[in-house]
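Residue strings, one per chain:
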Amino acid sequence: MRLEAAAIGFGFGGGAPVLDGVDLALESGRILGLTGKSGQGKSTLGRILARHLLPTRGRVLIDGAASPSTGFNPVQLVHQTAIFAVNPRWKIGRIVSEAFAPDESLLQAFGIRRQWFDRFPHELSGGELQRVALLRALAPGTRFLIADEITSMLDPIAQSEIWHALIDVSAKRDIGILAISHDLALLGRVAERTVTL
Ligand SMILES: Nc1ncnc2c1ncn2[C@@H]1O[C@H](COP(=O)(O)OP(=O)(O)OP(=O)(O)O)[C@@H](O)[C@H]1O
């Protein structure tokens with residue numbers, strides 16, 4: 001499968017364009033890096049690809065067709081601060097099983113412990129919660145993952161463990177990953193190719 005941004009244009013509130021004619025293509029099972037200066041529109045493009053925002057111009061296509069606007073979103077987005085992406089009143093067990101029931105091997109691959117399940121999000125560290133957010137995004141229907149600075153707040157060991165698990169999942173389940181980061185060394189390790197916005 002192929003996720004494509006075709007001639008995407010976007011401006012917040014009708015203001016000056018943040019994105020102006022951007023093209024990008026992500027293939028199943030591949031990891032593509034996306035970098036660029038701060039404020040250049042990387043996160044905005046990620047949100048458009050995941051249909052969290054509608055572009056002002058251009059189209060997001062999956063295998064040449066408009067991406068579905070109802071049902072499970074095959075393009076999942078995870079960003080830097082997982083705490084804003086989860087319901088603070090739900091315990092981790094409920095958050096983890098919101099989209100699907102992950103098997104033991106996936107829990108292990110992401111270093112997720114069952115004893116966390118009875119805690120609330122604020123009772124986990126940032127890195128632990130980020131693992132939970134990633135796991136939740138990897139439901140069976142996920143075909144593409146937009147990973148927006150997902151490990152930039154984490155220590156090098158956590159960063160390496162998470163990316164190992166993601167590289168493995170991408171290969172085994174043929175999931176395409178867009179790795180958005182300022183860290184060119186990280187992108188050099190995880191992505192086959194990096195484009196600059
Ligand atoms: N909700 C919003 N309303 C108005 N402007 C916004 C909004 N969100 C982002 N912007 C602006 O859009 C531009 C692009 O932001 P975006 O977060 O996509 O950039 P980025 O390349 O991901 O930046 P960084 O590398 O710093 O994370 C910035 O100038 C930002 O100030």
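Numbers given for residues are sequential positions, taken from 1 along each chain in its written order. Two thresholds apply to this predicted model, a pLDDT of at least 70 for residue-level local features and 80 or more for giving and counting side-chain atom pairs, whereas whole-chain, interface and lining totals are computed over all residues. Here the side-chain values reflect all heavy atoms present in the structure, with hydrogen atoms and water set aside.

As annotated in an unreviewed UniProt entry, the protein chain is ATP-binding cassette domain-containing protein from Shinella curvata. UniProt positions are given in the numbering used here, feature names are shortened, and annotations may be inferred rather than shown by experiment. According to the UniProt record, the Sequence similarities (unreviewed entry) comment for the protein chain reads "Belongs to the ABC transporter superfamily."

A. Quick peek at the side chain of K42. Considering the arrangement of structural elements, one finds K42 in helix 1 (residues 42-49). Buried and unpaired, K42 has no salt bridge, with E149 as the nearest side chain of opposite charge at 5.8 Å. Look past the residues within four positions of K42 in its chain and what remains in contact with it is L34, T35, G36, K37, I180, H182 and L197. Every helix listed is a DSSP run of H or I at least four residues long, and every strand listed is a run of E at least two residues long, numbered separately from the N terminus. Type-normalised accessible area, obtained with a 1.4 Å probe on protein chains alone, sets the label of each residue: buried when under 20%, exposed when over 50%, and partly exposed for intermediate values. Neither His nor the chain ends contribute to the count of charged residues, in which Lys and Arg are positive and Asp and Glu negative. A pair is scored as a salt bridge if a Lys or Arg side-chain nitrogen falls within 4 Å of a carboxyl oxygen belonging to Asp or Glu. Here, residues are in contact when the closest pair of their heavy atoms is within 4.5 Å.

B. Region of the structure containing unusual backbone geometry. Here the phi dihedral of A7 falls at roughly 50 degrees; this positive angle occurs in a residue that is not glycine. Tracing the backbone through its elements, the reader meets A7 in strand 1 (residues 2-10). For A7, a relative accessible area of 36% puts it in the partly exposed group.

C. Spotlight on the sheet that holds strand 5 (residues 65-66). Across the sheet, which stays open at both edges, the four strands sit in the order 2-1-4-5 with antiparallel pairing between neighbours. Looking at the sheet topology across the chains shown, the edges are occupied by strand 2 (19-27) and strand 5. Bridge count between strand 4 (residues 57-62) and strand 5: two bridges; the pairing is antiparallel. Its bridge partner being in strand 5, L61 is matched across the sheet by A66. Here an angle of 0 to 180 degrees is reported between the N-to-C directions of two axes, which are lines fitted to C-alpha atoms, with helices fitted over the stretch in contact. In this fold helix 1 packs onto strand 1, strand 2 and strand 4, with an angle of close to 125 degrees to the strand it touches most, strand 1. Two strands pair if DSSP finds at least two bridges between them.

D. Highlighting the nonpolar core. Residue types Ala, Val, Leu, Ile, Met, Phe, Trp, Tyr and Cys, when buried and joined through side-chain atoms within 4.5 Å, form a set referred to as a nonpolar core. If you look at the biggest cluster of nonpolar residues, it comprises 40 residues, and the most contacted ones within it are I92, F110, L145, W163 and L166. Residues L32, L45, F144 and I180 belong to the second largest nonpolar core, which totals 23 residues.

E. Here's a closer look at the side chain of T44. Tracing the chain through its elements places T44 in helix 1. Judged by relative accessible area, T44 falls into the buried class, the value being 9%. The contacts of T44, once residues within four sequence positions are left out, are F10, F12, V18, L19 and L53.

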